[in-house]
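Listed below are the residues making up each chain.
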Amino acid sequence: MSAPRLPKEIEALRQYRPLLLAMEAIGWFHMAGKARLEFLRGQGGEKSDYKEREWHKQETPPFAWDDLLGWANSLFPSHLPQTARPKSFAEFTEKHHGNDPGLLGLLQAAHGVVSGAEKNLPGSGNYLKQLIPHIWLSSPWGYPKRNLLADPPEILSPQGWKRLVDEIRRVLEDLKTLGTQGAGDVDPWLAWRESAIGKDSFIRRAFLSTLAETRLPNNDVTLWDQSYVAAALFKSAVARALLDPSFDPEKRFKSTTQWYLLTVALGTDHYEARAIKISDWTGMQGAVEAFFREVSGLVEVDLAAGSLLYKDGAVAVFSFLGELDQPSPGTRKDQPSPATPKWITGLLGWITDQIENLAKAQKLEYPPFVGLSGPTRSLVPMVREWRRAKEAVSIPIHRRWDIPEPESSPSQGHVCPICRLRPNGDPTDKGKPCPVCLKRRHRRLDEWLRGHLDNNTIWFEEVADQNGRLALLTLSLDLEGWLNGERVDSLRTQAIPEWVRFNPLLDGQPNPIDPQKAYESLTDYIGKRLNAYNQSDPVLSNLQEGFRHERSWPFFFKKIVEDRAQAPSWDDLNDDQRAAWIAHQLFRKLPSPGRVYRFWREAEDFFHELLGKFRQLVARSSNPWRVQRLVLELEANGISRTDLELYNGRWRGKPLSLLHLPNSKSFLTTSNLARLLRPEEAEKALKDERIELWMEDSQARFSAKVVAVRRPEGAYARLGVYHPVIPLELSPLRFRLLVPLEAASECVDLAVSLWQERFSRVWDRLPLRVGVVGFPRSVAFQGVIEGARNLEEALQGGEERWTVKDVFPEKGFVALLLQREDGRLIQRVVPTLLPDGREDVFYPYVAVEDPKVRHPRDFRHPEGQVYRHVADLRLGDSIRVAPARALTLFMESTAERFEVPSPRYLEEWSRMREVWALLQRVAPSQAALQRLRSEMARLEADWSNPEGRLAASSELWRATLKALIAEALEVRGGFLEALVEAALEGTLQWAMDWHMTALKEGA
Ligand SMILES: [Zn+2]
């Protein structure tokens, strides 16, 4: 392979790196003035002198933008003359709302796409303001998270603001130092960016805790989301301008700039499937993370042509350069853009080579995918790019790929059992991994030894419960439809009748829209005006600020519809369809780039919060030894001591595992000590005891005497206590972790209740899916992970039609009685009030089967789907639901990984837990429960026909079950009826199977 030629654009980007990073920093900070109490109070109705765009002037001494950034002026190329730049860097803060030519216009373009889209209501939306007692930060799914003035975050205190200003100054001073030194090395720039906005940086935390836009319902996108995404797009647009000698400094680009999305992906599923031990997978993840870190470094800092906009375990998406000029309206967005200039394709080729080199540096066995989208003004096409990437990497070797060889690669031996590619160098041992895989296996161990894993463990034996059992939990939120904008169709930026109510007069004339038939009246109104474009139309110019400035319907349509949704283009539609799209988009909550970014961040935060709570749950025990480790010193003779070798052992008939600590006579325990020691026992119980030991991968046994016992100390002091949990994957799309089986049910209970609380307004469109694989320690990891994958597949499932059987409107919520497809009735409670007491007309809409718009708040998607507010539902309405589901599987051996039962509804999980609690209360003995369980199993088998269905009539079946339960448990009355019901729906059997087999629990 010949070395790829370095395109001149790459050289240029590197040369402009200081400038591009300075521009990105301007993007981060251009709205900093909003991170202040005075701003929120002003938004909340208090007249104040505070001007957030001029905060720098109000500092004493004034914040010196030009002193801090002036050095960058000398770096601009000649085609960006002084006239293309603002007179002062302060203008980026002061004028980010405007529409100017030159560089300022590029910031305005980025800002407009990210946040301007949120506030396109010219005054008519004033009723959507939140007032001082109720300035809420909400989740993107309507859950009120924090009252910012009643319970202010640190940033809103005077000290918080001062610290923020100091921090911004510090970041810009460090940048100046780097920029004026002309540092060519990438590392200091990487370190600078990380210290400015990395995961733990003050600026990120501060911006995340407050809002840029306080008006309803746009109080979900934090100041961080808007600032960061705007900065990413600004930086990419500037990169384009710097590379483009024909850049016209007189031109305004605010409404024409578009961006490319650069997608990089790895086929991580293949690695997961080949992992033999858990450390093979976690070690591989380390390599995958390192790869993505390097790719980020390349795109965000080395070339500084874009920033990360999305990331999960296998895919990363970056903003990347831009197109500054106006595409003609009606350009099809769903086709690969023929307009991608040749030099950008060339650039992509070079970057692809670099990314492949980064993959080879990590010795990755499969090639990465690198793709570039067509130019876009939203992140909505991101999911399409994501799918394209996932599809490509589903084939392991989807492009030419030479397996990178390690430096000193053995040429003989068996093929490595993990990668199945490289020889392991040992003709006598089939099970031995190759040097690359062995190194990966040890990677996690090294990190753990150095105390880098946040007190989480890496050892199955430590997670295992009293019975030596574990559970792999897998949780996911069905997020795709939110990231690609589809499900956002159900959310409103305001309700049409509300808008009419608060805007009775438009330009002095009565509002012509009939609030009783709001949707039809509005589409009809728009349809009648499509034959001529009247900039001063009272309805349209009241609904959309840009309407007054637009030239023609196709241009307006492009910005309001095509840029913000996966909609057909103007030319492919008739007037009715055009009117329907415009009416829909004007009242729909927008999947703006800041919001799309918030969607996946919020999902990831939800899993992080769960992890924090799970860590506490799994560590709970009446025996303090549950979470502690000891260091044992063994007598010298009889035992071969290899550093970091793992030994299995036995003491008091219970399993014990030990890790040989490097350069010492000591061993660290790596198994659950609560199985060995009683709570009241001291560590000296082990002293002078004999332990039977054998090495993990060999048969030879030793017996050794413990000569000393102590707590871990020195370099290992941090390993003294642990949380018995192994997080395997935490990404926006999936959360997998290992917990003790005895704690798994409580973890699921907690996840269910937290999901119900946070997602109650979108329960039908954002389902939680929970899988639990229980297994004894002896089952191989490969089998467990395959079982989990089968569970995850079974849990995905399409939508269902549920029927409304009753509606109980209460103060603050609506309780729905719904009939599922299986005929069972369930209740759902949906909040309908905002915390300030107003009705929530933004979130709780459901998709109904009814094709007719009937109620004033009903609306129809242009492609036909009607949405209805939950409070307007009536008996007999049929609604579309993506059900939340749960599934459990207990594996005694890997053979059971395919025996995945059908998934159950999530509410059945909670029912099953209640039934178990009831059983525990009423069952006279464990033996009685055992009897009931086997009798029921026998009965079901006897009464089933060959197809597995019950042959008896339902009356007879009920009567038989009732007699059986009454006899076995000696229960009567209400308890008996409840248990019979549970038996009929199968939750009684599930409760007994899960708790008695899997958990070894008794009544
Ligand atoms: Zn290997």
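Note that the structure is a prediction, hence the values are computed from the model and not measured.

## Quick word on the overall build of the chain
Then comes step 1: A count of helical and extended segments in the chain gives 31 helices and 27 strands.
Then comes step 2: For a compact globule of 1003 residues, the expected C-alpha radius of gyration is about 30 Å, and the chain comes in at 31 Å, within 12% of that figure.
Then comes step 3: Each principal axis of the C-alpha distribution contributes one length, and for the chain these read about 85 × 75 × 55 Å.
Then comes step 4: Looking at the chain alone, contacts between residues at least 24 apart form 70% of all its contacts between residues at least 6 apart.
Then comes step 5: Accessible surface computed for the chain: about 39500 Å², of which carbon and sulfur atoms make up 49%.
Then comes step 6: Once the 133 positive and 135 negative side-chain charges of the chain are each reduced to a mean point, those two points are 1 Å apart.

## Brief notes about the packing of aromatic side chains
Then comes step 1: All told, the structure shown has 42 aromatic pairs when counted by the stated rule.
Then comes step 2: Considering the side-chain rings of Trp-55 and Trp-65, the 6.0 Å spacing of their centres and the 70° angle between planes classify their relative orientation as edge-to-face. Of this pair, Trp-55 sits in helix H4 (residues 55-58) while Trp-65 sits in helix H5 (residues 65-69), and the two are 10 residues apart along the sequence.
Then comes step 3: For Trp-55, a relative accessible area of 0% gives the class buried.
Then comes step 4: On the basis of relative accessible area, Trp-65 is assigned to the buried category, the value being 4%.
Then comes step 5: With 5.4 Å between their ring centres and 70° between their planes, Tyr-845 and Phe-859 make a pair best called edge-to-face.

## Notes on the coordination of the zinc ion
Then comes step 1: The coordination sphere of the zinc ion contains the protein donors Cys-416 (SG), Cys-419 (SG), Cys-434 (SG) and Cys-437 (SG), at a distance range of 2.3 Å.
Then comes step 2: Between the four donor atoms coordinating the zinc ion, the angles at the centre fall across 104 to 114°, so the site counts as tetrahedral.
Then comes step 3: One chain supplies every donor for the zinc ion, spaced along it as C-x2-C-x14-C-x2-C. Remark: Cys-437 occurs in helix H16 (residues 435-449) and Cys-419 occurs in the loop between helix H15 (382-393) and H16; sequence separation between them is 18 residues.
Then comes step 4: Taking the relative accessible area as the measure of exposure, Cys-419 reaches 5% and is therefore buried.

## Some remarks on the pairing of strand E2 (residues 144-147)
Then comes step 1: Sheet analysis places strand E1 (residues 136-138) next to E2, joined by three bridges and oriented antiparallel. Following the sheet pairing, Ser-138 is matched in E2 by Pro-144.
Then comes step 2: The turn linking E1 back onto E2 is made up of five residues, and Gly-142 within it adopts a positive phi angle of 85°.

## What to know about the pattern of salt bridges
Then comes step 1: Tallying each qualifying case throughout the model produces 96 salt bridges.
Then comes step 2: Of the charged contacts, one joins Glu-154 and Arg-163 as a salt bridge, the two residues approaching to 3.8 Å between their closest N and O atoms.
Then comes step 3: The exposure class assigned to Glu-154 is partly exposed, which follows from its relative accessible area of 46%.
Then comes step 4: Since its relative accessible area comes to 41%, Arg-163 is described here as partly exposed.
Then comes step 5: Close ionic contact of Asp-840 with Arg-761 constitutes a salt bridge, the shortest N to O distance being 4.0 Å. Pair noted here: Asp-840 is in the loop between strand E21 (825-831) and strand E22 (845-848) and Arg-761 is in the loop between helix H25 (741-758) and strand E18 (768-776), with a separation of 79 residues, a long-range link.

## Side note on unusual backbone geometry
Then comes step 1: Pro-61 follows Thr-60 through a cis peptide bond whose omega is -15°.
Then comes step 2: Between Leu-216 and Pro-217 the backbone carries a cis peptide bond, its omega angle lying at -15°.
Then comes step 3: The backbone of Ala-304 shows a phi angle near 50°, a positive value even though the residue is not glycine.
Then comes step 4: Assignment of secondary structure puts Ala-304 in the loop between helix H13 (278-302) and strand E4 (308-311).
Then comes step 5: Although it is not a glycine, Arg-420 sits at a positive phi angle of roughly 55°.
Then comes step 6: Note on placement: Arg-420 falls in the loop between H15 and H16.
Then comes step 7: In this structure Arg-420 comes out as partly exposed when scored by relative accessible area, which is 42%.

## Thoughts on the nonpolar core
Then comes step 1: Counting 297 residues, the largest nonpolar core has Leu-475 and Leu-969 as its most contacted members.
Then comes step 2: A total of 15 residues in this core trace back to one element, the largest contributor, which is helix H11 (residues 223-243).
Then comes step 3: Aside from chain neighbours lying at most four places away, what touches Leu-969 is Leu-919, Val-922, Ala-923, Pro-924, Ala-928, Leu-929, Leu-932 and Leu-979.
Then comes step 4: Listed in part, the 20 residues of the second largest apolar core include Tyr-647, Leu-693, Ala-704 and Val-706.

## A closer look at the environment of Leu-738
Then comes step 1: Assignment of secondary structure puts Leu-738 in strand E17 (residues 734-740).
Then comes step 2: Setting aside chain neighbours within four positions, we find Leu-738 in contact with Ile-278, Phe-460, Val-463, Ala-471, Leu-472, Pro-724, Val-725, Ile-726, Leu-728 and Phe-775.

## Digging into the pairing of E17
Then comes step 1: Counting buried positions along E17 yields seven of seven residues, so the element is predominantly enclosed.
Then comes step 2: Bridge count between strand E7 (residues 469-477) and E17: six bridges; the pairing is antiparallel. The residue of E17 that forms the bridge with Thr-474 is Arg-736.
Then comes step 3: Alignment of strand E16 (residues 726-731) against E17, held across five bridges, turns out to be antiparallel. Looking across to E17, one finds that Leu-730 is bridged to Phe-735.
Then comes step 4: The turn joining E16 and E17, which pair antiparallel and follow one another in sequence, is formed by two residues.

## Comments concerning the sheet that holds strand E6 (residues 369-372)
Then comes step 1: Spatially, four strands are ordered E4-E5-E3-E6 in an open sheet, and the strand pairing comes out antiparallel. In this open sheet, the two edge strands, each paired with only one partner strand, are E4 and E6. Each adjacent strand pair in this sheet contributes to an overall mean axis angle of 20°, direction not counted.
Then comes step 2: Note that strand E3 (residues 258-265) and E6 share four bridges and pair antiparallel. Paired with Val-264 across the two strands is Val-370, which belongs to E6.
Then comes step 3: Contacting E3, E4 and strand E5 (315-323), H11 runs over the sheet at an angle of about 45° to E5.

## A closer look at H13
Then comes step 1: Across its 25 residues, H13 extends 34 Å between first and last C-alpha, which sits within 8% of the 36 Å expected from 1.5 Å per residue.
Then comes step 2: Within H13, 22 of the 25 residues are buried, which leaves it mostly tucked inside the rest of the structure.
Then comes step 3: Backbone geometry just after H13 places Ala-304 at a positive phi near 50°.

## Here's the deal with the confidence of the model for the chain
Then comes step 1: Mean pLDDT over the chain stands at 92; residues scoring 70 or higher make up 96%.
Then comes step 2: Segment residues 332-336: pLDDT under 50, and six contacts once partners within four positions in sequence are set aside and those in other chains are kept.

## So, the side chain of Arg-492
Then comes step 1: You can see Arg-492 is positioned in the loop between helix H18 (480-483) and helix H19 (496-502).
Then comes step 2: Despite its burial, Arg-492 pairs with no opposite charge; the closest candidate is Asp-489, at 7.9 Å N-O.
Then comes step 3: In this structure Arg-492 touches Pro-217, His-584, Phe-587, Arg-588, Lys-589, Val-841, Phe-842, Tyr-845 and Phe-859, once residues within four positions along its chain are discounted.

## Section: the sheet that holds strand E11 (residues 646-651)
Then comes step 1: The strand order E10-E13-E12-E11-E14-E15 describes a closed barrel built from six strands, whose pairing is antiparallel. Within this sheet the neighbouring strands show an average axis-to-axis angle of 45°, counted without direction.

## Focus: helix H28 (residues 926-943)
Then comes step 1: The end-to-end C-alpha distance of H28 is 26 Å, a good match for the 26 Å that 18 residues give at a rise of 1.5 Å each.
Then comes step 2: Every buried residue of H28 is listed here: Ala-928, Leu-929, Leu-932, Met-936 and Leu-939. The buried residues of H28 occupy an angular sector of 100° when projected down its axis, which confines them to one face. Among the exposed residues of H28, those pointing more than 90 degrees away from its buried face are Ala-941 and Asp-942.
Then comes step 3: Considering only its buried residues, H28 is in contact with helix H27 (906-922), helix H29 (954-969), helix H30 (973-985) and helix H31 (987-998).

Scoring rules and cut-offs
- Residues numbered from 1 in each chain as written.
- Predicted model: local features only at pLDDT ≥ 70, side-chain atom pairs only at ≥ 80, totals over all residues.
- Heavy atoms only, no water.
- Helix = DSSP H or I, 4+ residues; strand = E, 2+ residues; numbered from the N terminus.
- Rg over C-alpha atoms; globule rule 2.2 N^0.38 Å.
- Contact = heavy atoms within 4.5 Å.
- Areas by Shrake-Rupley, 256 points an atom, 1.4 Å probe, with all protein chains shown as cover.
- Lys, Arg positive; Asp, Glu negative; His and termini not counted.
- Charge placed at Lys NZ, Arg CZ, Asp CG, Glu CD.
- Phe/Tyr/Trp six-rings, centres within 6.5 Å; stacked < 30°, edge-to-face > 60°.
- Buried < 20%, exposed > 50% of the residue type's maximum accessible area, 1.4 Å probe, protein only.
- Donors = N, O, S within 2.8 Å, 3.2 Å for Na, K, Ca; no water.
- Tetrahedral: all angles 85-135°; square planar, octahedral: opposite > 155°, others 65-115°.
- Pairing = 2+ DSSP bridges.
- Salt bridge = Lys/Arg side-chain N within 4 Å of Asp/Glu carboxyl O.
- Core = buried A, V, L, I, M, F, W, Y, C linked by side-chain atoms within 4.5 Å.
- Axes fitted to C-alpha atoms, helices over the stretch in contact; angles between N-to-C directions.
- Expected span 1.5 Å × (residues − 1).
- pLDDT = per-residue confidence, 0-100.
- Arc of directions from axis to C-beta.

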